[in-house]
Amino acid sequence: MNLFVAVSTGSQVSNLPPILEMYQPGDKLLWIESPESKKGNWATKASELLTIRGLSILESIDVGNLNDRSEVLPAISSWKQNYKHSQKVQYYLVLNGGTKWVPLWLLEAFRDWHPKLLYGSDRPATYMLQSLDFASSPIQRAYQNNCITLQEVLYLKGFELFQSQDTQDAVQVWPGTATIENSTDYGTIESTTYQLHQEHFDYRKALQSQAIDEKHDIFPKINVPFQNLNLLVRTETFEKWQQQLKNFVRNPNPQFTENLFHGTANLYLAAARKQLEKMEGIISPTSMLGPPLENAITHRIIGWLNQNKDIQTAVASIWKNVKICRLDNKSKAEAELDIVILLKCGKLIYLECKAAKTDSKDIDAGSYRLQQASSTLAEQFVVLPIYTRKCDTPWFQELHNERMKLGRQAIPFTMPGQPESYPMIDANGASEENPCPSFEESLEKLLKPYCL
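A.B. asks: Looking at this structure, I do not really get the environment of D112. What am I missing?
C.D. replies: Its location among the elements puts D112 in the loop between α5 (102-110) and β6 (116-120). Considering only alpha carbons, one finds D112 and N295, 183 residues apart in sequence, at a separation of 56 Å. Within polar-contact distance, the side chain of D112 engages the side chain of K80 at 2.7 Å.

A.B. asks: I keep staring at helix α3 (residues 42-53) and nothing clicks. Help me out?
C.D. replies: One turn of the α-helix equals 3.6 residues, which is why residues spaced by three or four share an orientation. Along α3, the positions that sit buried rather than exposed are A43, A46, S47, L49, L50 and R53. Taken around the axis of α3, the buried residues stretch over an arc of 165°, which confines them to a single face. Immediately downstream of α3, the backbone of G54 shows phi near 115°, a positive value.

A.B. asks: I tried to follow the pattern of salt bridges on my own but got confused; where do I start?
C.D. replies: Between side chains of opposite charge, a pair can form when the charged atoms approach closely. Here the structure, examined in full by the defined rule, presents 16 salt bridges. The residue E108 makes a salt bridge to R69 at a minimum N-O spacing of 2.5 Å. With E108 in helix α5 and R69 in helix α4 (residues 69-82), this residue pair connects regions lying 39 residues apart in the sequence. One salt bridge connects R326 with E334, and the closest N-O pair in it is separated by 3.7 Å. Looking at R326, the relative accessible area reads 26%, which means it is partly exposed. Taken together, the salt bridges that share partners define one network made up of R123, K347, E379 and R408.

A.B. asks: Where do I start with the environment of P423 in this structure?
C.D. replies: Relative to the elements of secondary structure, P423 occurs in strand β16 (residues 421-425). Expressed as a C-alpha distance, the spacing of P423 and L207, which sit 216 residues apart in the sequence, is 29 Å. Non-local contacts of P423, meaning those with residues more than four positions away in its chain, are made with C391, S431, E432, E433 and N434.

A.B. asks: Is there a simple way to think about the confidence of the model for the chain in this case?
C.D. replies: Low pLDDT marks stretches whose predicted atomic positions should not be read closely. Averaged over every residue, the pLDDT of the chain is 89; residues scoring 70 or more account for 92%. At the low end of the mean pLDDT range in the chain sits helix α13 (residues 360-373), at 62; at the high end sits helix α15 (residues 439-447), at 98.

Cut-offs and rules
Residues numbered from 1 in each chain as written. Predicted model: local features only at pLDDT ≥ 70, side-chain atom pairs only at ≥ 80, totals over all residues. Heavy atoms only, no water. Helix = DSSP H or I, 4+ residues; strand = E, 2+ residues; numbered from the N terminus. Polar contact = N/O pair within 3.5 Å; in protein donor to acceptor, adjacent residues only side chain to side chain. Buried < 20%, exposed > 50% of the residue type's maximum accessible area, 1.4 Å probe, protein only. Arc of directions from axis to C-beta. Salt bridge = Lys/Arg side-chain N within 4 Å of Asp/Glu carboxyl O. Contact = heavy atoms within 4.5 Å. pLDDT = per-residue confidence, 0-100.

Take a look at the structure:
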């Protein structure tokens, strides 16, 4: 049997991956808790998850000041006197969590029980084992067993995956066999891809020239023929409203009633807007741009990852269409995340897929919500289609400007085999060559540091 000694930490994630890697059902865990940990219930949800995994949680050791050796050592000594020590038990001191002094106090307090030192690293995403005699270098290995899940990472911070009969649930696309549709040939057939970008660019410009967004006050006055409703709005918008209607008919409870009310209002406004666009002679694009871009990006990530075994050692799972909600308010989605990569160290990398302009406020808000729902280790990047063969088009220039604005936060989504640089005119009127690595090269640069 193993007994793990860990310091409860505010991140709530960092010390779990090494424990999950080494534990067996029936093992035990002892928390060292500070007043801050007690007040914030830092150990509560981690204990619940580890109990489900099969660990037994012992009564914690409470320490007033983890930095103070004179408080830590007596507290642990008192606990040891009341605990039945066994030579058959392997003790592990988990060094994640607490201040830099804490591992020294733990080592001194448990030295006579001959523990092993266990540490979970972020970069690379590995765990390290060190024997007490320090006679040899620590063993560093990639995680292989019992990897932490996305649901567990969210639960630790008081969140979970949002589920609704009105919307598509999150999909784990790797590892797994989930099918990602790509019905428009976006990202594979260049002419189709470029044409769709041009259509959406022309559409946005037409909306601006006709000031459609400024005419929302006349939407209620527009006659929307019901028989043409499904032709005026997006298929998924119409199907969502149909599902809301079915839910209400089956069970007219307050939540379904509210959903149908808002859904009907949104459906009408969307149809009225499209009717106005038709009246103004504005031509809609042949298909949506966002979902095909997300699907194409997902396909490329999975294909690249399946061919790179070394990168797989750092990745726990990849998810698409992730919506999250608070445990205490499951009726409302707090955030929607296009693609989420969960690393085996418990870190989340969020890829937001943008086909046109981005809003810096939305990007900042997304990063904040992501860190709220996982940890401050979480990172957000924006994937932009940068197709260098079309660098002379206005829509490409718009995307290039977004790339420059985002800086290192931008990841170019590229066509296979496209030129690895493109010219653009700088502020002084001179032509400047801009490097553009392939999407796969950008992924490797992003994830390689987490590999052993």
